[in-house]
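Inside the fold
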Amino acid sequence: MEPIERATVLVTGASKGIGLSIAEEFAEHGHNLVLVARGEEALQRVAERLKTETGVEVTVISRDLTEAGAPQKLYEQMEQSGKSVDILVNNAGVGMSGLFREGDYSKLSSMLQLNMLVLTQLTHLFLPQMLIRKRGRILNLGSLVSYFTGGPNWAAYVASKHYVRALSTGLSKELKGSGVAVTLLSPGATATDFVKTAETKDMLAYQLPIGPLPKQIAKLAYHACQTGKKSVVPGVFNKILAFVGELHPRIIAFEVFGFLSNKKR
Ligand SMILES: NC(=O)c1ccc[n+]([C@@H]2O[C@H](COP(=O)([O-])OP(=O)(O)OC[C@H]3O[C@@H](n4cnc5c(N)ncnc54)[C@H](OP(=O)(O)O)[C@@H]3O)[C@@H](O)[C@H]2O)c1
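The rules we used
- Residues numbered from 1 in each chain as written.
- Predicted model: local features only at pLDDT ≥ 70, side-chain atom pairs only at ≥ 80, totals over all residues.
- Heavy atoms only, no water.
- Helix = DSSP H or I, 4+ residues; strand = E, 2+ residues; numbered from the N terminus.
- Buried < 20%, exposed > 50% of the residue type's maximum accessible area, 1.4 Å probe, protein only.
- Polar contact = N/O pair within 3.5 Å; in protein donor to acceptor, adjacent residues only side chain to side chain.
- Contact = heavy atoms within 4.5 Å.
- Near = heavy atom within 4 Å.
- Areas by Shrake-Rupley, 256 points an atom, 1.4 Å probe, with all protein chains shown as cover.
- Patch = residues over 30% accessible without salt bridge, like charges linked within 9 Å, V, L, I, M, F, W, Y side chains within 5 Å.
- Salt bridge = Lys/Arg side-chain N within 4 Å of Asp/Glu carboxyl O.
- UniProt positions renumbered as here; feature names shortened; annotations may be inferred.
- Axes fitted to C-alpha atoms, helices over the stretch in contact; angles between N-to-C directions.
- Parallel < 35°, antiparallel > 145°, perpendicular 65-115°, else oblique.
- Left-handed = near helix turned anticlockwise from the far one by under 90°.
- Core = buried A, V, L, I, M, F, W, Y, C linked by side-chain atoms within 4.5 Å.
- Phe/Tyr/Trp six-rings, centres within 6.5 Å; stacked < 30°, edge-to-face > 60°.
- Lys NZ or Arg CZ within 6 Å of the ring centre and 35° of its normal.
- Pairing = 2+ DSSP bridges.
- Right-handed = clockwise from strand over helix to strand, strands pointing away.

This part takes up the side chain of S97. If you trace the backbone, S97 turns up in the loop between β4 (87-90) and α4 (105-133). Residue S97 is classed as buried on the basis of its relative accessible area, which comes to 16%. In terms of polar contacts, S97 uses its side chain to reach the backbone carbonyl oxygen of A198, at 2.7 Å. Of note is the side chain of S97, whose polar atom sits 2.7 Å from the backbone oxygen of E199. What S97 contacts, discounting residues up to four positions off in sequence, is N153, W154, A198, E199, T200, M203 and K263.

As a further point, take the site of the ligand. Taken together, the neighbourhood of the ligand is formed by 30 residues, with S15, I18, R38, T192 and Y206 sitting nearest. Contact between the ligand and L65: a nitrogen atom at 3.0 Å from a main-chain N or O atom of the residue. The separation between an oxygen atom of the ligand and a polar side-chain atom of T192 is 2.5 Å. The protein chains hide 95% of the 890 Å² of surface that the ligand would expose on its own. Sorting the residues of the shell around the ligand by element identifies α1 (17-28) and α5 (155-174) as the ones contributing at least two each.

What follows covers a nonpolar patch on the surface. A surface patch of nonpolar side chains, about 470 Å² in accessible area, is lined by V236, I240, F243, V244 and L247. Structurally, F243 can be placed in helix α8 (residues 236-245). Among the residues examined, F243 registers a relative accessible area of 56% and is labelled exposed.

With numbering aligned to this structure, UniProt lists the feature "domain: Ketoreductase" (unreviewed entry) at residues 7-188. As annotated, residues 7-188 has a helix share of 48% and a strand share of 18%, and its two end C-alpha atoms lie 28 Å apart.

Bringing the packing of α1 against helix α2 (residues 40-54) into the picture now. Axes are the key here: two packed helices are described by the angle between their axes and the distance separating the axes. Running from N to C, α1 and α2 cross one another at 25°; their axes reach a closest spacing of 10 Å. With respect to each other, α1 and α2 are oriented roughly parallel. Note that α1 runs across α2; the crossing there is right-handed. Counted together, L20, A23, E24, A27 and E28 of α1 and V46, R49, L50 and T54 of α2 form the full contact between these two elements.

A few words now on the nonpolar core. Soluble globular proteins tend to bury their nonpolar side chains together. Residues I22, F26, L33 and L35 are the most contacted members of the largest nonpolar core, which totals 33 residues. Within the residue set of this core, elements represented by two or more residues are β1 (8-12), α1, β2 (32-37), α2, β3 (58-62), β4, β5 (136-141) and α7 (214-226). Once you skip the residues sitting within four places of it in the chain, L35 turns out to touch V11, A14, A23, L43, V46, A47, V58, T59, V60 and I61. Of all hydrophobic cores here, the second largest spans 24 residues; its members include M96, M111, Y147 and A156.

Attention now moves to the packing of aromatic side chains. Going through the model one piece at a time under the given rule, you end up with eight aromatic pairs. With a centroid separation of 5.5 Å and an interplanar angle of 25°, the aromatic rings of W154 and Y157 are classed as stacked. Ring-pair connections join several aromatic residues into one group, and the members of that group are F148, W154, Y157, F194, Y206 and F257. Across from the ring centre of Y147, 3.9 Å away, lies the NZ or CZ of R165, which sits over that ring.

The next subject is the pairing of β5. In terms of burial, β5 is a largely internal element, six of the six residues being buried. Neither face of β5 is left uncovered, since the one carrying G136, I138 and N140 and the one carrying R137, L139 and L141 both have all their residues buried. Taken together, the four bridges between β4 and β5 define a ladder with parallel strand orientation. Each bridged residue has a counterpart across the sheet, and for L88 the counterpart in β5 is I138. Assessed by its sense of winding, the connection that carries the chain from β4 through α4 to β5 is right-handed. As paired strands, β5 and strand β6 (residues 180-185) are joined by six bridges and run parallel to one another. Each residue of the ladder has a partner; that of N140, found in β6, is L184. Following the chain from β5 across α5 to the adjacent parallel β6, one finds a crossover that is right-handed.

Our focus in this paragraph is unusual backbone geometry. Cis peptide bonds are those with omega within 30 degrees of zero, and the linkage from H248 to P249 qualifies with -5°. Position of P249 relative to the elements: it lies in the loop between α8 and α9 (250-260). We note that R6 has phi near 45°; this positive angle belongs to a residue other than glycine. As for its position among the elements, R6 is in the segment before β1. You can call R6 exposed: its relative accessible area is 58%.

Here you go:
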């Protein structure tokens, strides 16, 4: 597909980590941005810097996307501003590790809300207008973990990323020939604040010397999204793991992944 020029790109979770790098990458290519996250100060700092460095237009929307009605309000705010979203980056997501039976249920429920329902609703809201314009891209943040059948020690998080993968893959097929494409981005363990908030530091997978940096992930994601590629797994080592994860019998990969998901106790 031909890249979209001078797009308006809405990035959720754009204040730091992978989302921030993706926003920077789009700005460096001259696209206007709408940055969404909870922390307003961090978003404003990013916006001022990107405006100065790249000259693009940057709008900041500070919002907790898990609050009731938040995706709908975000959509309405964009409608009222008269800006059409050409590229939607569903990046905001959180993780939660530890034994399922010991996890706090409200935290678990909020994670599932953000990782699955917010992503789904934003896609459902912004897609119709992209289809009318025959111009649009949706970039969904999945994870390498979705290439393994399940993940002990972060079972619900892994399940949420399976959902993102299945939705993205199915939708991508539905949209063939429409001018709109969905790209699934599946990073492996990446050094961001996710490690702290999801408490994955003690997991073996997060102690291996792996993984491209957010900046490198963002470059691959930008290219994949603009060319309408269905899926991208950044990094050679992660690509090997994704391949191994789907080898039959999948129980072997499941056991290996279970080992990598172990926490030092
Ligand atoms: N890091 C990894 O190892 C890894 C691997 C595979 C996939 N991923 C996926 O990559 C995505 C980005 O993760 P990251 O590693 O960049 O994490 P991060 O550095 O913790 O960034 C998360 C972003 O999401 C925002 N956010 C969190 N909760 C939100 C809410 N309720 N409403 C609105 N915004 C919210 C955060 O800003 P505020 O806190 O200010 O809201 C921040 O901008 C996630 O979907 C994650 O599952 C990460």
